Amino acid sequence: MPDDQAPPLEPVKVPLVKTPLTVLQTLRTARRNVLEIIPDICTKQPMVSGKTAMVRWHMVMDPTALRRVLKDNLENYPKSDITKNLLRPAIGDSLFIAEGAHWRWQRRAAAPVFSHRNIAALAPIMSASAEAVCQRLKGQPQADMFAEMVAATFEVISNVTFSGAGEMAGGDVHEAIDRFIDQSARVSLLDIIGIPTWVPRPSRLLGGNPVADMKRVADAAIEKRRKTGAKAVPDLLDLLLEGMDPETKRQMNSAELRDNLLTFIVAGHETTALTLAWALYLCAFDQDVQEKLYAEVSEVLGGRIAGPDDIGKLPYTEQVIKETLRLYPPASFISRTAQAPDELCGREIRRKDTVMLPIYALQRNEQLWPAPDTFKPERFAKGAKYDRFAWLPFGDGPRVCIGAHFAMVEAQIILASLISRYHFEPIDGKEPVPEMVLTLRPKGGVWLQVTPRS
Ligand code: HEM
């Protein structure tokens, strides 16, 4: 192939800042794309500290320090007020934002819900959604695979939370989630660098609560289920209704159930759709990877849709998903607030300092990953070595994502099924642009050429 036709070596990435930004520049840049406020040196250094508008902040990329923040000294680093203020209006004091004893009992009560056995029982819902998207793609030579994946994962999450049955009108809830995320994202750039809370935020001025309808429908669904009893195959609502903290014997009341189910929807729906959309973009970008993946899935599936029994037989599919989560982590920026003085990487941390975990920069850090911007699923092959705290798409420690296994199973079922039925290619001039709006989204969607495999 002549040089001018050679494919680009690296998939799309976010341009990180090379010179320090003033407060105004930070605000302006973050409004465009929060990821762009991450200094480029975060991909080269273990830790970068600074001060913006009187707020001391640190961006941590050193695995040992990250272990301390997320695990060994967890109590000192609760989720930042930023995160909590952003999410509380939609998901109350649920698992995602609660701290201390109130978090602990909820986590213990919810943990069995996400056991491997329960997820295997729910997997047929994931297969049905994979079949539906394969049907929808018929006769579509080009498709926005991000929109398709949002539809597919929404179907899964709404069916495993409230088992559909008209209890929740998919379109309405999706719109409510979208409006909520859009609104909160506009706030986050002010909060993320710690501008005081008395500075008016656009969404707080707008008033109204875009998720009120969603809460009403969820409340009604819970009350109905209490009366009708569990389904033959228990869904997440049934499992959570039964859930009990083994230590305190406490069970969730209706409001706690509702807040946690809405948390699962908010935390689990778009994140998994993004993983799948970016994975498909990468497969189209690197045809060799796609062919290797096709070889694996056609051997295991022989053209049928993947199911729970195939998980474990699709190692390369899993590697592709893990590498996608490295390059495009949906939650690419996590932040904490220090409660007491500490030391990270030999540097002083003061009470109230903002400690940021720029997962995007961590997972592209040159000291941790060779050729970090290239797409190489083999990095995650069996026996390959990497620092556990250098790959944190689901966080780690006690607050690690409770839905990680659920998401990995869902992503494998949908990706394997799609690749076994269709071939994906890029479309000239329609490259996605990674943009951080609370999650790392492909601006403009992921438009791909879609050809059925005969
Ligand atoms: C690829 C998909 C997903 C990604 C990348 C992801 C990412 C994350 C991350 C990074 C955290 C930790 C946040 C922090 O420490 O500040 C988290 C926590 C959480 N995630 Fe996920 N998540 C995904 C899917 C899901 C799914 C499918 C569910 C539920 C159905 C879910 C429910 C939660 C909950 C409840 C927490 C809070 C856990 C706690 O604090 O105890 N997530 N997720």
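What you see as residue numbers is a count from 1 along each chain, following the sequence as written. Selection of residues for local features in this predicted model requires a pLDDT of at least 70, selection of side-chain atom pairs for listing and counting requires 80 or more, and totals for whole chains, interfaces and linings are taken over all residues.

This paragraph deals with the overall build of the protein chain. Scanning the protein chain for helices and strands turns up 15 helices and 11 strands. A pair of residues counts as a contact when their C-beta atoms, built from backbone coordinates, are within 7 Å of each other. Of all intrachain contacts in the protein chain linking residues separated by at least 6 positions in sequence, the fraction that spans at least 24 positions is 74%. Under the scheme used here, helices are H or I runs from DSSP no shorter than 4 residues and strands are E runs no shorter than 2 residues, and both carry numbers assigned from the N terminus.

All right, on to unusual backbone geometry then. The phi torsion at Lys 352 lies on the positive side, around 80°, for a residue other than glycine. Following the sequence through the fold, Lys 352 ends up in the loop between strand E6 (347-349) and strand E7 (354-357). We classify Lys 352 as partly exposed; it has 13 C-beta atoms within 10 Å. The phi dihedral of Ala 371 falls on the positive side, at around 40°, and the residue is not glycine. Residue position: Ala 371 is located in the loop between helix H14 (359-362) and helix H15 (404-421). Whether a residue is buried, exposed or partly exposed is read from the other C-beta atoms within 10 Å of its own C-beta, which are placed from the backbone; 20 or more gives buried, 12 or fewer gives exposed, and intermediate counts give partly exposed.

Further remarks concern the sheet that holds strand E2 (residues 55-60). Strand pairing is assigned whenever DSSP identifies at least 2 bridges connecting the two strands. On the basis of which strands lie adjacent, the open sheet formed by 4 strands has the order E1-E2-E7-E4 and mixed pairing. Strand pairing shows two members of the sheet lacking a second neighbour, strand E1 (47-52) and strand E4 (334-337), which therefore form its edges. Geometrically, the sheet is characterised by an average inter-axis angle of 25° between neighbouring strands, direction not taken into account. In this structure, E1 lies alongside E2, joined through 6 bridges in antiparallel fashion. Counted as the bridge partner of Ser 49 is His 58 from E2. To obtain each axis, a line is fitted to C-alpha atoms, and for helices this fit is confined to the stretch in contact; angles are then taken between N-to-C directions over 0 to 180 degrees.

What follows is about the confidence of the model for the protein chain. Reading predicted coordinates in detail is not appropriate for stretches of low pLDDT. pLDDT is a residue-level measure of predictor confidence that goes from 0 to 100. With 83% of its residues at a pLDDT of 70 or more, the protein chain shows a mean pLDDT of 85. This stretch, residues 185-207, has a pLDDT under 50; its non-local contacts, to residues over four places away or in other chains, come to 39 contacts.

The next thing to look at is helix H2 (residues 63-72). Where H2 is concerned, the buried positions are Pro 63, Ala 65, Leu 66, Arg 68, Val 69 and Leu 70. Next to the buried residues of H2 lie E1, E2, E4, strand E5 (342-344) and E7.

On to the site of the ligand, then. Around the ligand there are 23 residues in total, and Gly 268, Thr 271, Gly 395, Cys 401 and Gly 403 lie nearest to it. Sort the elements by how many residues they give to the shell around the ligand and helix H11 (residues 254-285) lands first, with 7 residues. Across the shell around the ligand, the residue classes break down as 13 nonpolar, 7 polar and 3 charged. In this analysis a residue is considered near a molecule or strand if the C-beta atom, reconstructed from its backbone, is found within 6 Å of that molecule or strand. Under this grouping Gly is polar, as are all residues other than the nonpolar Ala, Val, Leu, Ile, Met, Phe, Trp, Tyr, Cys and Pro and the charged Asp, Glu, Lys and Arg.

With that out of the way, let us pick up the packing of H11 against H15. Two elements in contact, H11 and H15, have axes separated by 10 Å at closest approach and are oriented at 40°. Relative to H15, H11 is oriented so that their crossing is right-handed. Contacts between H11 and H15 involve Gly 268, Thr 271, Thr 272, Thr 275, Leu 276, Ala 279 and Cys 283 from the former and Phe 406, Ala 407, Glu 410, Ala 411, Ile 414, Leu 415 and Ile 419 from the latter. Taken together, the residues of the contact of H11 with H15 sort by class into 9 nonpolar, 4 polar and 1 charged. By convention the crossing between two helices is left-handed if the near helix lies anticlockwise of the far one by an angle smaller than a right angle, and right-handed if it lies clockwise.

What we call a nonpolar core is a set of buried Ala, Val, Leu, Ile, Met, Phe, Trp, Tyr and Cys residues whose membership is set by joining through C-beta atoms within 7 Å. Ranked by size, the top nonpolar core spans 115 residues in total, and within it Ala 277 and Leu 280 carry the most contacts. Excluding its chain neighbours within four sequence positions, the residues that come into contact with Ala 277 are Met 145, Phe 146, Met 149, Pro 442 and Val 446.

What follows is about the sheet that holds strand E8 (residues 422-426). The strand order across the open sheet formed by 3 strands is E3-E11-E8, and the pairing between neighbours is antiparallel. Edge strands, defined here as strands with exactly one partner in the open sheet, are strand E3 (142-144) and E8. Neighbour-to-neighbour, the strand axes of this sheet turn through a mean angle of 40°, independent of strand direction. As paired strands, E8 and strand E11 (residues 447-452) are joined by 5 bridges and run antiparallel to one another. Each residue of the ladder has a partner; that of Glu 425, found in E11, is Gln 449.

At a closest axis distance of 9 Å, the pairing of helix H12 (residues 287-301) and H15 adopts a crossing angle of 100°. Considered as vectors, H12 and H15 are oriented roughly perpendicular to each other. The residues of H15 that touch H12, namely those facing Gln 290, Leu 293, Tyr 294, Val 297, Ser 298 and Leu 301, are Ala 416, Ile 419 and Ser 420. An angle counts as roughly parallel when it lies under 35 degrees, as roughly antiparallel when it exceeds 145, as roughly perpendicular when it falls between 65 and 115, and as oblique in every other case.

Let's shift gears to the environment of Gly 307. The residue Gly 307 is located in the loop between H12 and helix H13 (315-327) in this model. The exposure class of Gly 307 is partly exposed, given the 17 C-beta atoms found within 10 Å. For the pair formed by Gly 307 and Glu 410, sequence separation is 103 residues and the distance between their alpha carbons is 9.5 Å. Every residue in contact with Gly 307, bar those within four places of it in the chain, is listed here: Ala 123, Pro 124 and Ser 127.

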